[in-house]
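Here's the letter readout for the chains.
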Amino acid sequence: MMFACSNLFGQATLNNILSTYSKNIKVNNAPHANSCIYNTHHMRVDKQGEFLNIEYGFGWDEKYGYITTNQLKINLSTVTFYTGYWYKSFGKWEHYGKKNQLTIEDKNGMDIFVTGQQNYNRGTNQNLVTSIIFDFGTEPIANRVLKELLALQEAYKGKDPWLLPATPKDNINTEKSSDSSTISGNKNIIPQNSKTKQVNPKKSKSGKYGE
């Protein structure tokens, strides 16, 4: 009972954060474009057991409203949440990238339901995506959202490796490694799709039609 109450409180806290800073929120047009960020101004979560539903509007316009309203269904036992991207060098995890942007990623796929809100796109379509990016405008807001998401997830999945304290074993491996970006011949960039990300990536355009 205490666990259920804690989850309800955590969900309420997260929804309060999302409501308070709603005008800051943007989202990419998953699964079509990872670089384009569009206005949403609306996002809320609803937890059902190990599944978390994230509802949000896409492509907000003062005159026409949203292009679509979307629902993302994620499995807390397999999904990964992170801001920017993480890179392991000499046995130590380093945090780079746009830390105001939160990535939600699951290689197993996440169901996304897209409902058209304009005359030309009425109806609901379902798709399967492996990642989606939400931009919260500032790093502090993104960190607060990430903290609450990780709290909701902790009963279903262990901490990601970059959140764990360094161990003596890591230091031994570091001394044997001659390449700061590799261990056992494989680059340690987590998640793998971050290989294409740069420390100073180009700025994404924002707005309803930014690409």
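Participant: Explain the packing of aromatic side chains to me, using residue names and the numbers behind them.
Facilitator: Considering all chains together, one arrives at seven aromatic pairs under this definition. Ring geometry for Tyr82 and Trp162: centres 6.4 Å apart, planes at 75°, overall edge-to-face. One end of the pair, Tyr82, is in strand S6 (residues 80-83); the other, Trp162, is in the loop between helix H2 (139-153) and helix H3 (168-176), with 80 residues separating them in the sequence. Like Trp162, Tyr82 is buried. Measuring from centroid to centroid gives 6.0 Å for Trp86 and Trp162, while their planes differ by 15°, and the two rings are stacked. Pair noted here: Trp86 is in strand S7 (residues 85-89) and Trp162 is in the loop between H2 and H3, with a separation of 76 residues, a long-range link. On the basis of relative accessibility, which here comes to 8%, the residue Trp162 falls in the buried class. By the ring-pair criterion, three or more aromatic residues cluster together here, those being Tyr82, Trp86, Trp93 and Trp162. The ring of Phe51 carries the charged tip of Lys73 above its face, separated from the ring centre by 4.9 Å.

Participant: Describe empty space enclosed by the protein, and please don't skip the residues or the numbers.
Facilitator: Counted by the stated rule, this structure contains one cavity of 30 Å³ or more. Of the volumes computed, that of the largest cavity is approximately 30 Å³. What lines the largest cavity is Leu14, Leu18, Met43, Val45, Ile54, Leu102, Ile104, Val145 and Leu149. Residues that form the lining of the largest cavity fall into these classes: nine nonpolar, no polar and no charged.

Participant: Which residues make up the environment of Asp135, and what values do they have?
Facilitator: With respect to the element layout, Asp135 can be found in strand S10 (residues 123-135). Residue contacts for Asp135: discarding those within four places in its chain leaves Asn24, Ile25, Lys26, Ile37, Asn100 and Gln101. Within the local environment of Asp135, its side chain forms a polar contact with the backbone nitrogen of Gly137, the two atoms lying 2.8 Å apart.

Participant: With reference to specific residues and values, describe the layout of surface pockets.
Facilitator: Taken as a whole, the second largest pocket holds about 230 Å³ of empty space. Considering the residues around the second largest pocket, the lining is formed by 15 residues, among which Asn29, Ala30, Pro31, His32 and Val114 are closest to the centre. Among the secondary structure elements, those contributing two or more residues to the lining of the second largest pocket are strand S1 (26-29), strand S4 (51-58), strand S5 (68-75), strand S9 (101-116) and S10. The biggest single contributor to the lining of the second largest pocket is S10, with three residues. Here the lining of the second largest pocket is built from residues that sort into seven nonpolar, eight polar and no charged.

Participant: Can you tell me about the pattern of salt bridges, naming the residues and giving the values?
Facilitator: Following the criterion strictly, the structure yields two salt bridges and no others. Across the salt bridge formed by Glu55 and Arg44, the nearest N and O atoms sit 3.9 Å from each other. Placement of Glu55 in strand S4 and of Arg44 in strand S3 (residues 43-48) is noted, with a sequence separation of eleven residues between them. A salt bridge links Lys157 to Asp160; the nearest nitrogen and oxygen atoms lie 3.5 Å apart.

Participant: Can you break down the nonpolar core residue by residue, with the values?
Facilitator: Ranked by internal contacts, the top residues of the largest apolar core, which has 35 residues, are Ile54, Ile74, Phe81, Ile104, Phe134, Phe136 and Val145. Those elements that provide at least two residues to this core are helix H1 (2-20), strand S2 (33-39), S3, S4, S5, S9, S10 and H2. In terms of residue count, the dominant contributor to this core is H2 (six residues). Those residues in contact with Ile104, other than ones at most four positions away along the chain, are Ile54, Ile74, Val79, Thr80, Phe81, Met110, Thr130, Ser131, Ile132 and Phe134.

Participant: Could you give an account of the pairing of S2, with specific residues and numbers?
Facilitator: Counting buried positions along S2 yields five of seven residues, so the element is predominantly enclosed. Here S1 runs beside S2; their pairing, made up of four bridges, is antiparallel. Bridge pairing in S2 links Val27 to Tyr38. Hairpin connection, S1 to S2: the antiparallel pair is bridged by three residues.

Procedures and definitions
Residues numbered from 1 in each chain as written. Predicted model: local features only at pLDDT ≥ 70, side-chain atom pairs only at ≥ 80, totals over all residues. Heavy atoms only, no water. Phe/Tyr/Trp six-rings, centres within 6.5 Å; stacked < 30°, edge-to-face > 60°. Helix = DSSP H or I, 4+ residues; strand = E, 2+ residues; numbered from the N terminus. Buried < 20%, exposed > 50% of the residue type's maximum accessible area, 1.4 Å probe, protein only. Lys NZ or Arg CZ within 6 Å of the ring centre and 35° of its normal. 1 Å grid on protein atoms, 1.4 Å probe; cavity = no way out; pocket = protein on both sides within 12 Å on 5 of 7 lines; lining within 4 Å. Points joined across faces, edges and corners; volume = space filled by probe spheres on them. Nonpolar A, V, L, I, M, F, W, Y, C, P; charged D, E, K, R; others polar. Contact = heavy atoms within 4.5 Å. Polar contact = N/O pair within 3.5 Å; in protein donor to acceptor, adjacent residues only side chain to side chain. Salt bridge = Lys/Arg side-chain N within 4 Å of Asp/Glu carboxyl O. Core = buried A, V, L, I, M, F, W, Y, C linked by side-chain atoms within 4.5 Å. Pairing = 2+ DSSP bridges.

By themselves these figures say nothing about function.
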